[in-house]
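Topology and contacts: notes
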Amino acid sequence: MQFKDHFSTQAADYAKFRPRYPALMFKYLGEIAPERKLAWDCATGNGQAAVELANVFDRVIATDASEKQIANAERHKHVDYRIAPAENSGLDSYSVDLVMVAQALHWFDLDRFYPEVNRVLQQSGVFAASAYRFFQITPEIDRIVNHRYYREIVGPHWPAERTSIEKFEEIPFPLSFSEMETPPFEMTLQWNLQHLLGYLSTWSATQRFIAANKRNPLDEIERELRVAWGDTKRLRRIVWPLTLRAGIKVA
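Residues numbered from 1 in each chain as written. Predicted model: local features only at pLDDT ≥ 70, side-chain atom pairs only at ≥ 80, totals over all residues. Heavy atoms only, no water.

Description of the packing of helix 7 (residues 193–201) against helix 9 (residues 222–229)
Cut-off, in case you're wondering: Note on method: axes are straight lines fitted to C-alpha atoms, helices fitted across the in-contact stretch only, with angles between N-to-C directions ranging 0 to 180 degrees. Helix and strand assignments come from DSSP, with helices taken as H or I runs of at least 4 residues and strands as E runs of at least 2, each series counted from the N terminus. Left-handed describes a crossing in which the near helix is turned anticlockwise from the far one by less than a right angle; the clockwise case is right-handed. In what follows, residue pairs with any heavy atoms lying within 4.5 Å of each other are defined as contacts. Polarity classes work like this: nonpolar for Ala, Val, Leu, Ile, Met, Phe, Trp, Tyr, Cys and Pro, charged for Asp, Glu, Lys and Arg, and polar for all others, with Gly in that last group.
The contact between helix 7 and helix 9 brings their axes to 11 Å, and the two run at 145°. You can see that helix 7 and helix 9 cross each other, and the crossing is right-handed. Of the residues in helix 9, those touching helix 7 at Leu193, Gln194, Leu196 and Leu197 are Glu222, Leu225, Arg226 and Trp229. Partitioning the contact of helix 7 with helix 9 into residue classes produces five nonpolar, one polar and two charged.

Here is the structure:
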């Protein structure tokens, strides 16, 4: 089955501008996993989750269906990058202690992916998925980006699967897993305005808008953002509240 590739075109920028996940989240995942021998980072993208997992687990296999994403992924001596779809990993059965999906579960065919998770995880292994939605900077900047840009300008160009991110807590979990309550996490960065614009350029809806209209939708908000930001070289604190869902294999 052909996978829906919304990120290969901007793979290099994706690696450069995407926020990094907190180390505390991976430490927590190591604590709830039955062992720390092997983790599978599925749909690894730029590899940022994979390298953090490698600081906790002895070995990480990181897969992505996009060859360009793998080519631009961050290297680590304990991470083995492979090109493979989520639903057909090629991993050995019952070989994995943790399966991690960071900001990608909404793209998968869950009816095919969840049996693959169940196959590769050992008994009492952990399945975890994380997602983030809107960031927080200032009320004015948040309004420009999270409402005007996200919904009004590029809103019609979001792939249909993107709506699942807005209802991440409602995505069905594998029936063979006991979902647990997890602590809250957040991602934080210090960015200037150019960093923010670079990040917005990696959105799939931005790229789809450009393809359809032959112009950059960021031009519609850049002037407004400059006014709201002030000194464009000023570093501002960016916060993304992060949702983590995790469950233990029970059958």
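The rest of the description comes next.
Some remarks on the packing of aromatic side chains
For any two aromatic rings, the description comes down to two numbers: the centre-to-centre distance and the angle of the planes. The cut-off we apply is this: Note on ring pairs: Phe, Tyr and Trp rings are taken, using the six-membered ring of Trp, and paired if centres are within 6.5 Å. Classes follow the plane angle, with under 30 degrees stacked, over 60 edge-to-face and the rest tilted. Buried residues are those whose accessible area, probed at 1.4 Å on protein chains only, stays under 20% of the maximum for their type, while exposed residues exceed 50% and partly exposed ones sit between those limits. We call a charge positioned above a ring when the Lys NZ or Arg CZ atom is no farther than 6 Å from the ring centre and deviates by at most 35 degrees from the ring normal.
Summed over the entire model, instances satisfying the criterion amount to 22 aromatic pairs. Relative to Trp203, the ring of Tyr150 lies with its centre 5.7 Å away and its plane at 85°, an arrangement referred to as edge-to-face. You can see Tyr150 sitting in helix 6 (residues 139–153) and its partner Trp203 sitting in the loop between helix 7 and helix 8 (204–213), a full 53 residues away along the chain. Among the residues examined, Tyr150 registers a relative accessible area of 3% and is labelled buried. Where Trp191 meets Trp240, the ring centres are 5.3 Å apart and the plane angle is 80°; that geometry is what we call edge-to-face. Of this pair, Trp191 sits in strand 7 (residues 185–191) while Trp240 sits in strand 8 (residues 236–249), and the two are 49 residues apart along the sequence. With a relative accessible area of 6%, Trp191 lands in the buried category. Take Trp240: its relative accessible area is 0%, and that puts it in the buried class. Pairwise contacts between aromatic rings join Tyr21, Phe26, Tyr132, Phe134, Phe135, Tyr149, Tyr150, Trp158, Trp191, Tyr199, Trp203 and Trp240 into one cluster. Arg236 extends its terminal NZ or CZ atom over the ring of Trp229, reaching a point 5.5 Å from the ring centre.

Some points on the nonpolar core
In plain terms, the rule: Buried Ala, Val, Leu, Ile, Met, Phe, Trp, Tyr and Cys residues that are joined via side-chain atoms within 4.5 Å together make up what is termed a nonpolar core.
In terms of nonpolar packing, the biggest core is built from 58 residues, with Leu196 and Tyr199 touching the most fellow members. For this core, the leading source of residues is helix 6, giving six residues. Apart from the residues within four sequence positions on either side, Tyr199 is in contact with Phe17, Arg18, Pro19, Tyr132, Phe135, Trp191 and Trp240. If you look at the next biggest cluster of nonpolar residues, it comprises 28 residues, including Ala104, Ala131, Ile165 and Phe177.

Everything listed is a geometric property; what it means functionally is a separate question.
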